[in-house]
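# Inside the fold
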Amino acid sequence: MRIVTATGNVTQLTRFRFVNCFLVREEDGLTLVDTALKAAEQILAVADAPIRRIALTHGHGDHVGSLDELKRRLRDVEVLMPEVDAQIHAGERAKPAGGWPKLETVPDVRLEAGDRVGSLEVVASPGHTPGHVSFLDTRDRTLIGGDVFTSYGGVEVTNHFHLRFPLAAMATEDKAQDLESARALRALEPLVLVVGHGPVVRDPVASMDRAIARAGG
Ligand SMILES: [Zn+2]
C-alpha cells in the first residue's frame, strides 16, 4: 500500500499500484472514501483514528472491493453509497458497464447531491456510473473526483480511451454525461484533485481544462 499525504486532512492510499482510496480526517475520527480491492487489512493498519464512515463515489468493484470485509471488522461503521448505484447493487435497476460484484453490505445512507458527509459535500457527477458522485472538502476545496478523471500521465476525462489507463473509459456507462460531469467538477475550482486512479494533482484547474478540451468539450 502506497501512502501519500494529499492535504492536511486527506491521505491517499494506493493498492496494487492502480487503485486509490482516501482517509479523510474529521473531528470524530476518519471517513474512508472508497475501499479499493482486497485492502481492508492495509487500510485498517494505516488508519490512526477510528473509521466512522465509509463513503463511496460509485459502485464499481475496484471501489467497493473491501467494503464487506471492512463492514465485518468495523461493525458500527456507517456506509454511504450514491442513491442510483445503491439501487443497482440492490437489484432495483439493471447493471450498466463495468464490474458490479455482489455485496453483502447494505448502505445505511443513500447519498444525494448536496448531502454532507462530515466536511465533504456530495457533488453529482454521473456518467462513469449512473449514480457516480464526487466529494468536495469544504475546508480547503480538495476534490475527490472518483472516476470522472484519471491522472496517470496527466489529467484525462474517462469518457474516452486513454492508453495509460484504458480500464476507466471501458467501464464508463454514459460518455456524454461523464464529460458534462467533468465540466461541473472543473467549475468547482478545486485547489487539489484526487481521483480513483492516478497521483494527486495540485492546482488542477488548467489541466482539467485541457483534459475537457481533449475529451471533446
Ligand atoms: Zn469505476
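In short, a report on the structure.

Parameters and conventions
Residues numbered from 1 in each chain as written. Predicted model: local features only at pLDDT ≥ 70, side-chain atom pairs only at ≥ 80, totals over all residues. Heavy atoms only, no water. Helix = DSSP H or I, 4+ residues; strand = E, 2+ residues; numbered from the N terminus. Rg over C-alpha atoms; globule rule 2.2 N^0.38 Å. Buried < 20%, exposed > 50% of the residue type's maximum accessible area, 1.4 Å probe, protein only. Donors = N, O, S within 2.8 Å, 3.2 Å for Na, K, Ca; no water. Phe/Tyr/Trp six-rings, centres within 6.5 Å; stacked < 30°, edge-to-face > 60°. Lys NZ or Arg CZ within 6 Å of the ring centre and 35° of its normal. Contact = heavy atoms within 4.5 Å. Arc of directions from axis to C-beta. Pairing = 2+ DSSP bridges. Axes fitted to C-alpha atoms, helices over the stretch in contact; angles between N-to-C directions. Core = buried A, V, L, I, M, F, W, Y, C linked by side-chain atoms within 4.5 Å.

## Re the overall build of the protein
- Of the regular secondary structure elements, the protein holds seven helices and 15 strands.
- For the protein, the C-alpha radius of gyration of 15 Å lies close to 17 Å, the compact-globule estimate for 217 residues.
- For the protein, the spread of C-alpha atoms along the three principal axes comes to 45 × 40 × 30 Å.
- By the burial criterion, 55% of the 217 residues in the protein qualify as buried.

## Focus: the environment of Arg75
- Secondary-structure assignment places Arg75 in the loop between helix H3 (67-74) and strand E6 (78-82).
- According to the relative accessible area criterion, Arg75 is exposed, its value standing at 66%.

## Quick word on the coordination of the zinc ion
- Bound to the zinc ion are the protein donor atoms His58 (NE2), His60 (ND1), His128 (NE2) and Asp147 (OD), situated 2.2 to 2.4 Å from the metal.
- Positions of the donor residues of the zinc ion, expressed as sequence spacing, correspond to H-x1-H-x67-H-x18-D. With His58 in the loop between strand E5 (51-55) and helix H2 (61-64) and Asp147 in the loop between strand E11 (142-144) and strand E12 (149-150), this residue pair connects regions lying 89 residues apart in the sequence.
- The class of His58 is buried, set by a relative accessible area of 0%.

## Looking at the packing of aromatic side chains
- Tallied over the full model, the rule gives zero aromatic pairs.
- The ring of Phe16 has Arg15 sitting right over it, with the charged end atom 4.2 Å from the ring centre.

## Describing the side chain of Glu83
- If you trace the backbone, Glu83 turns up in helix H4 (residues 83-89).
- For Glu83, the contacting residues outside a window of four places in its chain are Arg110, Leu111 and Glu112.

## Re H3
- Taken residue by residue, H3 has Leu67, Asp68 and Leu70 as its buried positions. Down the axis of H3, the sector holding all buried residues measures 165 degrees, keeping them to one side.
- Check the buried side of H3 and you find it contacts strand E4 (29-33), helix H1 (40-46), E5, H2 and E6.

## A few points about the sheet that holds E4
- Pairing within the open sheet is mixed, and its seven strands lie in the order E1-E2-E3-E4-E5-E6-E7. A strand with exactly one partner marks an edge of an open sheet, and here the two such strands are strand E1 (2-5) and strand E7 (109-111). Sheet twist, expressed as the average angle between the axes of neighbouring strands with direction ignored, equals 25 degrees.
- With four bridges connecting them, E1 and strand E2 (residues 10-15) associate as antiparallel partners.

## Side note on the nonpolar core
- One finds Leu23, Leu32, Ile43, Ile51, Ile54, Leu56 and Leu67 to be the most contacted residues of the largest nonpolar core, which totals 22 residues.
- Sorting the residues of this core by element identifies strand E3 (19-26), E4, H1, E5, H3 and E6 as the ones contributing at least two each.
- Considering each element in turn, this core owes the most residues, three residues, to E3.
- Not counting chain neighbours up to four residues away, the residues in contact with Ile51 comprise Leu23, Leu30, Leu32, Ile43, Leu44, Leu74 and Val77.

## What to know about the pairing of strand E10 (residues 133-137)
- A large share of E10 lies buried, amounting to five of its five residues.
- Of the two faces of E10, the one holding Val133, Phe135 and Asp137 and the one holding Ser134 and Leu136 are both buried throughout.
- With five bridges connecting them, strand E9 (residues 120-124) and E10 associate as antiparallel partners. Pairing of Val122 across the sheet is with Phe135, part of E10.
- Two elements, E10 and E11, share three bridges in a ladder whose sense is antiparallel. The residue of E11 that forms the bridge with Asp137 is Thr142.
- Linkage of E10 to E11, two consecutive antiparallel strands, is achieved through a turn of four residues, within which Arg141 is found at a positive phi near 60 degrees.

## Observations concerning the environment of Ile43
- With respect to the element layout, Ile43 can be found in helix H1.
- Residues Ile43 and Glu92, 49 residues apart in the sequence, show an inter-C-alpha distance of 30 Å.
- With near-sequence residues (within four places) excluded, Ile43 lies in contact with Met1, Leu13, Cys21, Leu23, Leu32, Thr35, Ile51 and Leu70.

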